[in-house]
Amino acid sequence: MNTRFSSAAELLALVAESGLHLPAFMLERDSFLTGKSVAETHEELFRRMAITRQSLQRGLSERQSSFSGMTGGNAILASASADPPVRDGFFNKAVAYSLAVNEVSACGGKVVAFPTGGSCGIVPGVLWAWHDERETGEPFRSDRMAEAFLCASAVGIVIATKATLSGAAGGCQAECGAASAMAAGALSWLMRRDAGSVFNAAALALKNSLGLACDPVAGLVEVPCVKRNAFMAVAAITAASLDAAGIRSYIPFDEVVEAMRSIGESMPSSLRESAEGGLAMTPTGKTCADRVR
C-alpha cells in the first residue's frame, strides 16, 4: 500500500487511486504502518475516542482545579449557563465540552493529545457536541464518529508533515490553530462526507489562526490555553458552516500550511512557548509566575 504523502493534494490523489473514501484510507494506512489488522486498528481508534469522552464527562461532572489556581470550574459554568447569547445546543455544548476536556488536561487528568495537550479539547469538543445534539441516535462507538476522528487525523498529519504541531516551533497557530483545522475538517465530513470539503473547511479555519502566539502564563499550559480551546472550537464550527454554504478558501489548504510554517519560523522565540512574551509578560502574568515559583 502506498502510504507516503507530503500534502493534502497528494493524499487526496492516493485516496482517489485506492477507491476508498478518506477515513477508510486513513484506517487502512494506519493498519499498514503499525502491522495491526484493520479490526485491531479500528478497536484502538474506539479506545482513544472513549478516552476523549471520559475526559469530557469528568470535566463536566467534577470541578477541576489546577495547582496554580488559574484553571478550574469554567466548563461547569459554561454548561450551566441559563441565558447564553447564542441559543443553539450544538454551539453551547461545543464551547463547554472543549473547556471540559482541556481543563482535565491542565489539571493532570488523562486525555488524548489532539494534536497536543494544550489543544486537546477542540476536536473532541466539537465532535461530541455534534453527536449529542445532531446525531443523538448514534452510539458512541459509531462508524460515523470514527470516520470523523479519522478525518481530523488526516488534516493533522498533513500539517505535521508540511509544518509543525509544536507551539515551541510554530506558536499556538500550530497547536490550537491546527486543532481548529482538524475539527473543521472532521465536522465537514459529518455534514457532507466529501474529502475536498474536509480540506477546504480546514483551510478556512487554519488561515484565520495564522500568527497566533504561544505565550503561556508562568509557562503552564493553562492561560490562555484552556479558554482558547473554546474559542477555536467556535472557529472550527464557523469554517465548516462556510464550507457547507459552498464558500471556498481562496488559498488552498497546502498553501495555508506553508504560510503557517513560514510565519512560525518568523516568530520571535518570546512568542513560541517560552513564557517570555505576550500575556506571560503582563503585570498579572508575571505576578502569577512569581507566585507559582
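Residues numbered from 1 in each chain as written. Predicted model: local features only at pLDDT ≥ 70, side-chain atom pairs only at ≥ 80, totals over all residues. Heavy atoms only, no water.

Before going further, it helps to spend a moment on the overall build of the protein chain. Scanning the protein chain from terminus to terminus reveals 13 helices and 0 strands. Reading the helices (α) and strands (β) of the protein chain from amino to carboxyl end gives α-α-α-α-α-α-α-α-α-α-α-α-α. In terms of overall dimensions, the protein chain is globule-like: its C-alpha atoms have a radius of gyration of 18 Å, near the 19 Å expected for 293 residues. Each principal axis of the C-alpha distribution contributes one length, and for the protein chain these read about 55 × 45 × 40 Å. Residues classed as buried in the protein chain amount to 52% of the 293 residues present. Considering only contacts in the protein chain between residues 6 or more positions apart, those separated by 24 or more positions represent 75%. Of the accessible surface of the protein chain, which amounts to about 12,400 Å², a share of 53% is contributed by carbon and sulfur atoms. Of the side chains in the protein chain, 26 bear a positive and 29 a negative charge, and the two mean positions are spaced by 4 Å. (Helix = DSSP H or I, 4+ residues; strand = E, 2+ residues; numbered from the N terminus. Rg over C-alpha atoms; globule rule 2.2 N^0.38 Å. Buried < 20%, exposed > 50% of the residue type's maximum accessible area, 1.4 Å probe, protein only. Contact = heavy atoms within 4.5 Å. Areas by Shrake-Rupley, 256 points an atom, 1.4 Å probe, with all protein chains shown as cover. Lys, Arg positive; Asp, Glu negative; His and termini not counted. Charge placed at Lys NZ, Arg CZ, Asp CG, Glu CD.)

Relative to the assigned elements, Gly59 resides in helix H3 (residues 38-61). Distance from Gly59 to Ala96, taken between C-alpha atoms, is 9.2 Å for residues 37 residues apart in sequence. Not counting the four nearest positions on each side in its chain, Gly59 is found in contact with Gln64, Ala75, Ile76, Ala100 and Val104.

Under the defined criterion, the tally for this structure stands at 5 aromatic pairs. Between Trp128 and Phe149, the aromatic rings sit 5.9 Å apart at their centres with planes inclined by 50 degrees, giving tilted as the arrangement. A residue pair is termed long-range when its members are at least 10 positions apart, and Trp128 in helix H6 (residues 122-134) and Phe149 in helix H7 (residues 143-162) qualify at 21 residues. Grouping residues by exposure puts Trp128 and Phe149 together as buried. By the ring-pair criterion, three or more aromatic residues cluster together here, those being Phe114, Trp128, Phe140 and Phe149. In this structure, Arg53 packs its charged tip against the face of Trp128, placed 5.0 Å from the ring centre. (Phe/Tyr/Trp six-rings, centres within 6.5 Å; stacked < 30°, edge-to-face > 60°. Lys NZ or Arg CZ within 6 Å of the ring centre and 35° of its normal.)

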